[in-house]
Amino acid sequence: MKYTDDLILKSQQIVQQIQTAEKNNKPIDALVKKHIKILEVHHDEFVKQADETGVDNWERAKIEIQLYTRIKAWAAKIGLSTEKYDKAIKNIRVKCLGEEAVEKLFG
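Before going into details, it helps to say that this report is about the structure given with it. Note that the structure is predicted; figures quoted are calculated from it, not measured.

A closer look at a nonpolar patch on the surface
A contiguous nonpolar surface patch, about 420 Å² in accessible area, is contributed by Trp 58, Leu 97, Leu 105 and Phe 106. Inspection of the secondary structure puts Leu 97 in helix H4 (residues 83-97). Taking relative accessible area as the criterion, Leu 97 reaches 37% and is therefore assigned partly exposed.

Brief notes about the pattern of salt bridges
All told, the structure shown has ten salt bridges when counted by the stated rule. Notably, a salt bridge pairs Glu 40 with Lys 84, separated by 3.4 Å at the nearest N-O pair. Separated by 44 residues along the polypeptide, Glu 40 in helix H2 (residues 29-53) and Lys 84 in helix H4 bring together distant segments of the chain. The partly exposed category is assigned to Glu 40, whose relative accessible area is 21%. Notably, a salt bridge pairs Glu 59 with Lys 62, separated by 3.9 Å at the nearest N-O pair. Placement of the pair is Glu 59 and Lys 62 together in helix H3 (residues 58-77), with a separation of three residues, close to one helical turn. With relative accessibility at 36%, the residue Lys 62 sits in the partly exposed group.

Section: the side chain of Thr 82
Among the structural elements, Thr 82 can be located in the loop between H3 and H4. Residue classification places Thr 82 among the buried residues on the basis of a relative accessible area of 16%. Leaving out residues up to four positions away in the same chain, Thr 82 has contacts with Lys 72, Ala 75 and Ala 76.

So, the packing of H4 against helix H5 (residues 99-106)
Axis separation between H4 and H5 bottoms out at 7 Å; the angle between their running directions is 120°. Considered as vectors, H4 and H5 are oriented oblique to each other. For the pair H4 and H5, the crossing hand works out as right-handed. Contacts between H4 and H5 involve Lys 90, Arg 93, Val 94 and Leu 97 from the first element and Glu 99, Ala 101, Val 102, Glu 103, Leu 105 and Phe 106 from the second. Here the contact of H4 with H5 is built from residues that sort into six nonpolar, no polar and four charged.

What to know about the packing of aromatic side chains
Applying the stated rule across the entire model yields one aromatic pair. Above the plane of the ring of Phe 106 lies Arg 93, whose end atom (NZ or CZ) is 3.8 Å from the centre.

Some remarks on H2
Along an α-helix, a turn takes 3.6 residues, which lines up residues three or four apart on a common side. With 25 residues, H2 should cover 36 Å at 1.5 Å per step; its first-to-last C-alpha distance of 36 Å lies within 8% of that length. Residue Gly 54 follows H2 closely and has a positive phi angle near 75°.

What counts, and where the lines are drawn
Residues numbered from 1 in each chain as written. Predicted model: local features only at pLDDT ≥ 70, side-chain atom pairs only at ≥ 80, totals over all residues. Heavy atoms only, no water. Patch = residues over 30% accessible without salt bridge, like charges linked within 9 Å, V, L, I, M, F, W, Y side chains within 5 Å. Areas by Shrake-Rupley, 256 points an atom, 1.4 Å probe, with all protein chains shown as cover. Salt bridge = Lys/Arg side-chain N within 4 Å of Asp/Glu carboxyl O. Helix = DSSP H or I, 4+ residues; strand = E, 2+ residues; numbered from the N terminus. Buried < 20%, exposed > 50% of the residue type's maximum accessible area, 1.4 Å probe, protein only. Contact = heavy atoms within 4.5 Å. Axes fitted to C-alpha atoms, helices over the stretch in contact; angles between N-to-C directions. Parallel < 35°, antiparallel > 145°, perpendicular 65-115°, else oblique. Left-handed = near helix turned anticlockwise from the far one by under 90°. Nonpolar A, V, L, I, M, F, W, Y, C, P; charged D, E, K, R; others polar. Phe/Tyr/Trp six-rings, centres within 6.5 Å; stacked < 30°, edge-to-face > 60°. Lys NZ or Arg CZ within 6 Å of the ring centre and 35° of its normal. Expected span 1.5 Å × (residues − 1).

What follows is the structure, encoded as structure tokens:
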């Protein structure tokens, strides 16, 4: 849990730095990339903990999708590709709902 708390604190600090840079019309790309990496580590840590405790349900999927959606938004903010996050979100949905349901619900 300590590791996750550290990641959350780092994430909050970087968001604050990004907001300050934006207010001062400074470049944010490097800060956003750093933030994306932290969010990816946070996701990986969440998955590791969920696997260790045997959590594999819709709640886990919901949290993973939220994390990937957040990462995707930051990537889009600076013009990075979001394709890998879209694929990851789709894979999680397919795992939980099945291919047919995902196509019907999300296209």
